[in-house]
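Structural features, examined
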Amino acid sequence: MRFVEEFRDPALAKALIAGIDATATAIGATKDNPVRIMEICGGHTHAIFRYGLDRLVHEGIEFIHGPGCPVCVLPMARVDEAVQIAEQPGVIFTSFGDAMRVPGTKKSLLQAKAEGADIRTVYSPLDALELARRNPEREVVFFGLGFETTTPSTALTIQQAAREGMKNFTIFCNHITVPPPIRALLDDPDMLLDGFIGPGHVSMVIGIHAYDFIARDYGKPIVVAGFEPTDLLQSVLMVLRQIEEGRAEVENQYARVVPELGNPVSLAAIADVYEERPSFAWRGLGEIDLSGLRIREKYALYDAEARFGIGYGAARAREVAEPEGTECAAVMTGKIKPTGCPMFGTQCTPETPLGALMVSSEGACAAYWQYGGRRAPEAAE
Amino acid sequence: MCLGIPGQIVEITDAARMMARADVSGVKREVSLACVADGGPDALVGRWVLIHVGFAMAVIDEAEAAATLEALQHLGEAQETLAQMAEGERALS
Ligand code: SF4
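Fair warning: this is a prediction, and the values are worked out from it, not measured in the lab. (Residues numbered from 1 in each chain as written. Chains lettered and ligands numbered in written order. Predicted model: local features only at pLDDT ≥ 70, side-chain atom pairs only at ≥ 80, totals over all residues. Heavy atoms only, no water.)

Moving on to the overall build of chain B. Tallying secondary structure elements over chain B gives two helices and five strands in all. Secondary structure elements in chain B, listed N-terminal to C-terminal, are β-β-β-β-β-α-α. Reported as C-alpha extents along the three principal axes, the dimensions of chain B are approximately 35 × 35 × 20 Å. Looking at chain B as a whole, 53% of its 93 residues qualify as buried. Within chain B, residue pairs in contact and separated by at least 24 positions form 42% of the contacts whose partners lie at least 6 positions apart. Accessible surface, chain B as shown: approximately 3700 Å² in total, 50% of it carbon and sulfur. With 6 positive and 14 negative side-chain charges, chain B shows a spacing of 7 Å between the two charge centroids. (Helix = DSSP H or I, 4+ residues; strand = E, 2+ residues; numbered from the N terminus. Buried < 20%, exposed > 50% of the residue type's maximum accessible area, 1.4 Å probe, protein only. Contact = heavy atoms within 4.5 Å. Areas by Shrake-Rupley, 256 points an atom, 1.4 Å probe, with all protein chains shown as cover. Lys, Arg positive; Asp, Glu negative; His and termini not counted. Charge placed at Lys NZ, Arg CZ, Asp CG, Glu CD.)

Here you go:
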């Protein structure tokens, strides 16, 4: 237990690990017949690897890495469309840094930038709006990405642009929502999951009742968790206790940040600006009903799909195959570990990602790669 | 982009637009208080908030801010977020 000492509260961590141990043993979890817990959020995936939590806990606990890394699930066709918009004359295309390296079928945004397109990394959609104010003769487009944690930011930015009557600012909306892919995974007969660690910061926006269906309809426990190692350990223990006691409930380990009903201002802004698409494509998971958002008609002036005639149907019609030999879909759905992909660490590395799971530190492949040294046999340490 | 970062509100810069300056690990950054300012923005000066891509999304206490920052530093996410803020500044010029 050598890494526990670097935790903020080693004594608490040790107590939690002991509790997990006892409960896992009590419910009969073993290496060959593990309790399979999916952490939905890519931030949690990153933290689990960073702290080696998968190795610290009882061997009967298996972490399955969920689809909660927004750049990892972005379809290639949408990256192509982003590049297409960015290469229009007069456009300044802005994006979060995470999306710059995601491969499209021909190139990434980073490659398009190297070829001369005016593509800029920004921290916030507010930076993109400011860029539009300062460059009234240019067309500024923001690549709207992410789950419910970033959706309020683009919704509020569009509302602000509308208040100012801006004419040269649009958002290319690719926002997605957390609950629908969870339902899709639960409906997948190959997917055997015993419980979930729920995303902390998404839940801060949407509240915890968005997950009621997991407990009610599928009989699985879910615990919304914070990002410190002891938060994650405690959440694993809470999931195990539910299993031990035969309960399936939505519990909130992160109540110090996550209000039961979410953030009302954010939810109101999202509802005002966005509506659900009938379906949206997820890389590795396919089309999922009601899982993506689009900009409502009343804000069409701020919708890059409308402004550039992109729409969404085109992306589906051009549904593209993943590069030969890659196993992103199987990794994405937790069916194999990243090391099971023949491209892992050979053709696919963070410098030259073939799949999006290798691009962001929240992607399972990048997390495996980054902390690979720590996962080597103990003797090497 | 998925994890928020704690910052302390230093001053209100534009009350009508709910904008304030926050101190994020020594870096000053304009953030929107629209999601957290139900009692008016002025009451938030000196308070700690969790900031997501330029928007304060939750008011937190100082101990929670410190613990979150430490976790983010271990993950390398704090450094990455500060680098992204700097890049956002550069993009404007
Ligand atoms: S190693 Fe690369 S190609 Fe293989 S599953 Fe991971 S991201 Fe996809």
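Turning next to the sheet that holds strand S1 (residues 35-41) of chain A. Residues and elements named next belong to chain A. Taken together, the five strands give an open sheet; going across it, the order is S2-S1-S7-S8-S9, and neighbouring strands pair in parallel fashion. The open sheet is flanked by strand S2 (61-68) and strand S9 (250-252), the only strands paired with a single partner. In this sheet, neighbouring strand axes are inclined to one another by 25 degrees on average, regardless of whether the strands run parallel or antiparallel. Strand direction decides the pairing type here: S1 and S2, joined by six bridges, are parallel. The residue of S2 that forms the bridge with Val35 is Ile61. (Pairing = 2+ DSSP bridges. Axes fitted to C-alpha atoms, helices over the stretch in contact; angles between N-to-C directions.)

Attention now goes to helix H7 (residues 151-164) of chain A. For an α-helix, 3.6 residues make a turn, and residues three or four places apart therefore share a direction. Residues and elements named next belong to chain A. With 14 residues, H7 extends 20 Å from end C-alpha to end C-alpha; this agrees with the ideal 20 Å at 1.5 Å per step. Most of H7 is tucked away, with 11 of its 14 residues classed as buried. Looking at H7, one finds that the buried residues are Thr151, Pro152, Ser153, Thr154, Ala155, Leu156, Thr157, Ile158, Gln159, Gln160 and Ala161. Gly165 occupies a position one or two residues after H7 and carries a positive phi of about 65 degrees. (Expected span 1.5 Å × (residues − 1).)

A separate point is the interface of chain B and chain A. If you look at the interface, chain B gives 39 residues, while chain A gives 46 residues. There are four salt bridges connecting chain B and chain A. The closest approach of N and O atoms between Glu164 of chain A and Arg17 of chain B, which form a salt bridge, is 3.2 Å. At the junction of chain B with chain A, the criterion picks out 17 residue pairs in polar contact (both at pLDDT 80 or more). Elements with a minimum of two residues in the side of chain B that touches chain A: strand S3 (27-32), strand S4 (48-52), strand S5 (55-60), helix H1 (62-75) and helix H2 (77-91) of chain B. (Salt bridge = Lys/Arg side-chain N within 4 Å of Asp/Glu carboxyl O. Polar contact = N/O pair within 3.5 Å; in protein donor to acceptor, adjacent residues only side chain to side chain.)

What follows concerns the site of the ligand. Close contacts around the ligand come from Thr326, Glu327, Cys328, Val331, Cys341, Phe344, Cys348, Gly355, Leu357, Met358 and Cys365 of chain A, and that covers them all. A per-class count over the shell around the ligand returns eight nonpolar, two polar and one charged. (Near = heavy atom within 4 Å. Nonpolar A, V, L, I, M, F, W, Y, C, P; charged D, E, K, R; others polar.)

All names here are of chain A. Among the six residues of strand S5 (residues 139-144), six are classified as buried, and the element is accordingly described as predominantly covered. In S5, alternate side chains face the same way, and those of Glu139, Val141 and Phe143 on one face and Val140, Phe142 and Gly144 on the other are all buried. Of the pairings in the sheet, the one linking strand S3 (residues 91-95) to S5 comprises four bridges and is parallel in character. Residue pairing in the sheet places Ile92 in a bridge with Val140 of S5. With five bridges connecting them, S5 and strand S6 (residues 169-173) associate as parallel partners. In the sheet register, Val140 faces S6, and the bridge partner there is Phe169. With H7 bridging S5 and its parallel neighbour S6, the resulting β-α-β unit is right-handed. (Right-handed = clockwise from strand over helix to strand, strands pointing away.)

Further remarks concern the pattern of salt bridges. Tallying each qualifying case throughout the model produces 30 salt bridges over all chains. Measuring nitrogen to oxygen at the nearest pair gives 2.9 Å for the salt bridge that ties Glu130 of chain A to Arg134 of chain A. With Glu130 of chain A and Arg134 of chain A both in helix H6 (residues 125-134) and four residues apart, this pair spans about one turn of that helix. Arg134 of chain A gets classed as partly exposed once you look at its relative accessible area, which sits at 48%. Through salt bridges with shared partners, a single ionic network connects Glu130, Arg133, Arg134 and Glu164 of chain A together with Asp14 and Arg17 of chain B.

Turning our attention to the packing of aromatic side chains. Residue and element names in this part refer to chain A. Going through the model one piece at a time under the given rule, you end up with 10 aromatic pairs over all chains. An angle of 55 degrees between the planes, with centres 5.6 Å apart, marks the rings of Phe93 and Phe143 as tilted. Here Phe143 lies in strand S5 and Phe93 lies in strand S3, a separation of 50 residues in the sequence. A residue is classified by how much of its surface remains accessible, and Phe93, at 0% relative accessible area, is buried. (Phe/Tyr/Trp six-rings, centres within 6.5 Å; stacked < 30°, edge-to-face > 60°.)

Here the focus is unusual backbone geometry. All names here are of chain B. With phi around 50 degrees, Ser25 is a residue other than glycine that occupies positive phi space. Within the secondary structure, Ser25 sits in the loop between strand S2 (19-24) and S3. Its identity as a non-glycine residue notwithstanding, Val53 has a phi of 35 degrees, on the positive side. Tracing the chain through its elements places Val53 in the loop between S4 and S5.

Residue and element names in this part refer to chain A. By the criterion of burial, S1 is predominantly enclosed, with seven of the seven residues buried. Where S1 and strand S7 (residues 195-198) come together, three bridges link them in parallel fashion. Across the sheet, residue Ile37 finds its bridge partner in S7, namely Gly195.

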